[in-house]
Amino acid sequence: MQEGFPNSTGMEQSIRGMRTPEFCLHPAGDTPTSCRLFDAIQSICIPVIVSDNIELPFEVNDALRPNWLVGYLKSFSKEQKNKFRQNMALVQPIFEYDNGHPGGIGPINPDGAVNHIWKKVHQKLPMIKEAIVREKRKPPGVSVPLRCHCT
């Protein structure tokens, strides 16, 4: 790495570093998540997220006790860690934006991030269309509560 920007050597070192450990620590930064989380998913390194500003599938209250986290992570069996990695491998394509073609020109991965985003937009489209129709139907000056929750 040089001045905060990855060069080819730094990127290779980063990739190798993410693939070596079983767990990758992700402390909170400016935002609840960071590129480190996505790098871990791409590297199949089990992410350990430490943040007060993100809702996780499970929470651990003892994490503030000294040395607790290391002991907790060591308590996972090899089978459990392999299952975590298998599950990460299933969702890994959702985080891939690069199609692997020079300049990004070429077919995109059908299970990749771009198609995943378009599938989600397609699922929300009927609600968006309904909200537009309702808005056009209402008389001028009348407020009608919207039912479209497009977030």
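We now turn to the structure provided with this report. Keep in mind that this is a model prediction, so the values were computed, not measured.

Calculation notes
Residues numbered from 1 in each chain as written. Predicted model: local features only at pLDDT ≥ 70, side-chain atom pairs only at ≥ 80, totals over all residues. Heavy atoms only, no water. Helix = DSSP H or I, 4+ residues; strand = E, 2+ residues; numbered from the N terminus. Expected span 1.5 Å × (residues − 1). Bend = angle between axes of the 7 residues up to and from the residue. Phe/Tyr/Trp six-rings, centres within 6.5 Å; stacked < 30°, edge-to-face > 60°. Buried < 20%, exposed > 50% of the residue type's maximum accessible area, 1.4 Å probe, protein only. Disulfide = S-S within 2.5 Å. 1 Å grid on protein atoms, 1.4 Å probe; cavity = no way out; pocket = protein on both sides within 12 Å on 5 of 7 lines; lining within 4 Å. Points joined across faces, edges and corners; volume = space filled by probe spheres on them. Nonpolar A, V, L, I, M, F, W, Y, C, P; charged D, E, K, R; others polar. Polar contact = N/O pair within 3.5 Å; in protein donor to acceptor, adjacent residues only side chain to side chain. Contact = heavy atoms within 4.5 Å.

1. Considering helix H5 (residues 113-137)
Next, step 1: Its 25 residues place the ends of H5 36 Å apart at the C-alpha level, agreeing with the 36 Å of an ideal helix rising 1.5 Å per residue.
Next, step 2: Where H5 bends most, the angle comes to about 40 degrees, and this point is Leu-125, followed within four residues by the proline Pro-126.

2. Here we look at the packing of aromatic side chains
Next, step 1: Taken as a whole and assessed by the stated rule, the structure comprises four aromatic pairs.
Next, step 2: Ring plane angle 15 degrees and centroid distance 4.6 Å describe the contact between Trp-68 and Tyr-72, whose orientation is recorded as stacked. Of this pair, Trp-68 and Tyr-72 both sit in helix H3 (residues 68-74), four residues apart, which is roughly one turn of that helix.
Next, step 3: Look at Trp-68 and you get buried, because its relative accessible area is 14%.
Next, step 4: Here Phe-76 and Phe-84 contribute two aromatic rings whose centre-to-centre distance is 5.3 Å and whose plane-to-plane angle is 75 degrees, an arrangement assigned as edge-to-face.
Next, step 5: Owing to a relative accessible area of 15%, Phe-76 belongs among the buried residues under this scheme.
Next, step 6: Owing to a relative accessible area of 31%, Phe-84 belongs among the partly exposed residues under this scheme.
Next, step 7: An aromatic cluster is present here, built from Phe-23, Trp-68, Tyr-72, Phe-76 and Phe-84 joined pairwise through their rings.

3. What to know about the state of the cysteines
Should the sulfur atoms of two cysteines be covalently bonded, the bond is a disulfide.
Next, step 1: In this structure the tally under the stated criterion is one disulfide.
Next, step 2: For Cys-24, the disulfide goes to Cys-45, at an S-S distance of 1.9 Å. Disulfide Cys-24-Cys-45: the torsion about the S-S bond is 110 degrees, which places it as right-handed. Separated by 21 residues along the polypeptide, Cys-24 in strand E1 (residues 23-27) and Cys-45 in the loop between helix H2 (35-43) and strand E2 (46-50) bring together distant segments of the chain. The burial state of Cys-24 is the same as that of Cys-45; both residues are buried.

4. Some words on empty space enclosed by the protein
Next, step 1: Under the counting rule described, the total for this entry stands at two cavities of 30 Å³ or more.
Next, step 2: Its boundaries defined by the atoms lining it, the largest cavity holds a volume of some 60 Å³.
Next, step 3: Lining the largest cavity, in full, are Glu-96, Tyr-97, Asp-98, Asn-99, Ile-108, Asn-109, Gly-112, Ala-113, Val-114 and Asn-115.
Next, step 4: Of the residues contributing to the lining of the largest cavity, the split by class is four nonpolar, four polar and two charged.

5. Some thoughts on the environment of Ser-51
Next, step 1: Residue position: Ser-51 is located in the loop between E2 and H3.
Next, step 2: Among the residues examined, Ser-51 registers a relative accessible area of 14% and is labelled buried.
Next, step 3: Each C-alpha atom, one on Ser-51 and one on Gly-29, is 8.4 Å from the other, the two residues being 22 residues apart in sequence.

6. Here we look at the side chain of Lys-81
Next, step 1: Counting through the fold element by element, Lys-81 comes out in helix H4 (residues 78-91).
Next, step 2: We classify Lys-81 as buried; its relative accessible area is 11%.
Next, step 3: Within polar-contact distance, the side chain of Lys-81 engages the side chain of Glu-22 at 3.0 Å.
Next, step 4: Apart from the residues lying within four places of it in its own chain, the contact partners of Lys-81 are Glu-22, Phe-23, Ile-46 and Phe-76.

The values reported here are purely geometric and, on their own, carry no functional implication.
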